[in-house]
Amino acid sequence: MTCCLVSGLRNTYCKRSFAKILITQHFMSRTIKSEIPVNIENDPLLKGLDNIQGRLMQEKCILVDKDDKITGCASKKDCHLLKNINTGMLHRAFSVFLFNTDGQLLLQQRSEKKITYPNHLTNTCCSHPLYTAEELEEKNARGVKKSAQRRLHQELGIQQHQIDLSEFHFLTRIHYKSGNIPVDGVWGEHEIDYVLIVQKDVELLPNPDEVKMCKYVTKEELQKLVEEADSSGTLLTPWFKLIVDKFLYKWWNDLDNVSSHANDTHIHRMID
């Protein structure tokens, strides 16, 4: 059986049945309900949106200053409201770029259910460390790496044992800001984004509430995809495009020695 998440795509993993995907989604929903007991119908900004995505907006993100020093916490919802962003609210995030052993990059298309940047093509996994003891750990970006493990599992079904924390290469951070697309005047991003590189063959079980589709691409395929994005109507997340344009290809050319490109003390300011 061909999974509806990946039908018609080349270089795409789909090794388990759709029934198992639905089971994964069920348990993810149950976990959210037990950990975030919020009725989104009472919130005018979340009312009518996808229930799981709405509940995820209650997670507590890590607030930081422009130098990435922790200043407190706020809900994911508050962190992504333009009215807060425009007054300077800034939170910590991460972007994972996962390559297989053939040197192909795993991309995902965000689900149409996502509140920010729905249907956008982006890197393997993008999310936020939470304001918890585990994910606040700063030495060697250990907390960020733990959050990456968690979200790779939630979004793509990659079991945590498949990628050890030591296999994440923390290369740099970018500081960027962007309004939501489609433009709604409500949501946006303002992040210090940790860029993590992994090269590993993994088994995938995409969660349809998070991921519309996923596929592996070569460097040449990505270059063509980005060049033709406007004419083809392909939506790219702003952080993904920034990283691709400024950094990705030089890292991709040197995957066997990618740690030599690490600059974990510098934050690249990429705000217009």
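Residues numbered from 1 in each chain as written. Predicted model: local features only at pLDDT ≥ 70, side-chain atom pairs only at ≥ 80, totals over all residues. Heavy atoms only, no water.

K.L.:
Mind laying out the overall build of the chain, listing which residues take part and the relevant values?
P.N.:
Along the chain, the regular secondary structure elements total 8 helices and 10 strands. Considering the chain as a whole, with its 272 residues, one finds that 55% of them fall into the buried category. Residue pairs at least 24 apart in sequence account for 70% of intrachain contacts in the chain once pairs closer than 6 positions are excluded. (Helix = DSSP H or I, 4+ residues; strand = E, 2+ residues; numbered from the N terminus. Buried < 20%, exposed > 50% of the residue type's maximum accessible area, 1.4 Å probe, protein only. Contact = heavy atoms within 4.5 Å.)

K.L.:
Break down the nonpolar core for me, citing the residues and quoting the values.
P.N.:
Buried together is how nonpolar side chains tend to be arranged in soluble globular proteins. Phe97, Leu105, Leu222, Leu248, Trp251 and Trp252 are the most contacted members of the largest nonpolar core, which has 31 residues in total. When contributions to this core are tallied by element, the ones reaching two or more residues are strand S3 (91-99), strand S4 (105-110), strand S7 (169-179), strand S8 (188-199), strand S9 (211-217), helix H6 (219-227) and helix H8 (238-252). The contact partners of Leu248, leaving out residues within four places of it in the chain, are Phe97, Phe99, Leu105, Leu222 and Ile243. Counting residues in each nonpolar core, the second largest holds 27 residues, with Val64, Cys125, Ala141 and Ile267 among its members. (Core = buried A, V, L, I, M, F, W, Y, C linked by side-chain atoms within 4.5 Å.)

K.L.:
If you had to explain H8 to someone new, which residues and values would you point to?
P.N.:
Residues lying three or four places apart along an α-helix face the same way, a consequence of the helix completing one turn every 3.6 residues. When the terminal C-alpha atoms of H8 are compared, their 19 Å separation across 15 residues agrees well with the 21 Å that a helix rising 1.5 Å per residue should span. At Val244, H8 shows its largest bend, some 55°. Those residues of H8 not exposed but buried are Pro238, Trp239, Phe240, Ile243, Val244, Phe247, Leu248, Tyr249, Trp251 and Trp252. (Expected span 1.5 Å × (residues − 1). Bend = angle between axes of the 7 residues up to and from the residue.)

K.L.:
Explain a nonpolar patch on the surface residue by residue, including any values.
P.N.:
On the surface, Ile181, Val183 and Leu235 cluster together into a nonpolar patch covering about 270 Å² of accessible area. Along the chain, Val183 falls in the loop between S7 and S8. Using a relative accessible area of 75% as the deciding quantity, one classes Val183 as exposed. (Patch = residues over 30% accessible without salt bridge, like charges linked within 9 Å, V, L, I, M, F, W, Y side chains within 5 Å. Areas by Shrake-Rupley, 256 points an atom, 1.4 Å probe, with all protein chains shown as cover. Salt bridge = Lys/Arg side-chain N within 4 Å of Asp/Glu carboxyl O.)

K.L.:
Outline the confidence of the model for the chain, listing residues and values.
P.N.:
Residues with a pLDDT of 70 or more make up 85% of the chain, whose mean pLDDT is 88. Contacts for the low-pLDDT stretch residues 1-37, under 50 throughout, to residues beyond four places or in other chains number 61 contacts. (pLDDT = per-residue confidence, 0-100.)

K.L.:
Explain unusual backbone geometry residue by residue, including any values.
P.N.:
With glycine set apart, most residues show a phi of negative sign, and most peptide bonds adopt trans. The omega torsion of the bond from Ile181 to Pro182 falls at 5°, within 30 degrees of zero and hence cis. Along the chain, the position of Pro182 falls in the loop between S7 and S8. For Asn140, which is not glycine, the phi dihedral falls at a positive 55°. Of note in the backbone geometry, Ala141 takes a positive phi value of approximately 55° without being a glycine. Note that Ala141 resides in the loop between strand S6 (125-127) and helix H5 (142-156).

K.L.:
Can you lay out the pairing of S4 for me, pointing to particular residues and giving the numbers?
P.N.:
Most of S4 sits out of view: 6 of its 6 residues are buried. With 2 bridges connecting them, S4 and strand S5 (residues 121-122) associate as antiparallel partners. Note that in S5 the partner of Gln108 across the bridge is Thr122. (Pairing = 2+ DSSP bridges.)

K.L.:
Account for the pairing of S9, with residues named and values stated.
P.N.:
Counting buried residues along S9, 6 of its 7 residues qualify, which places the element largely inside the surrounding structure. Pairing geometry for S4 and S9, over 6 bridges, is antiparallel. Bridge assignment links Leu106 to a residue of S9, and that residue is Tyr216.

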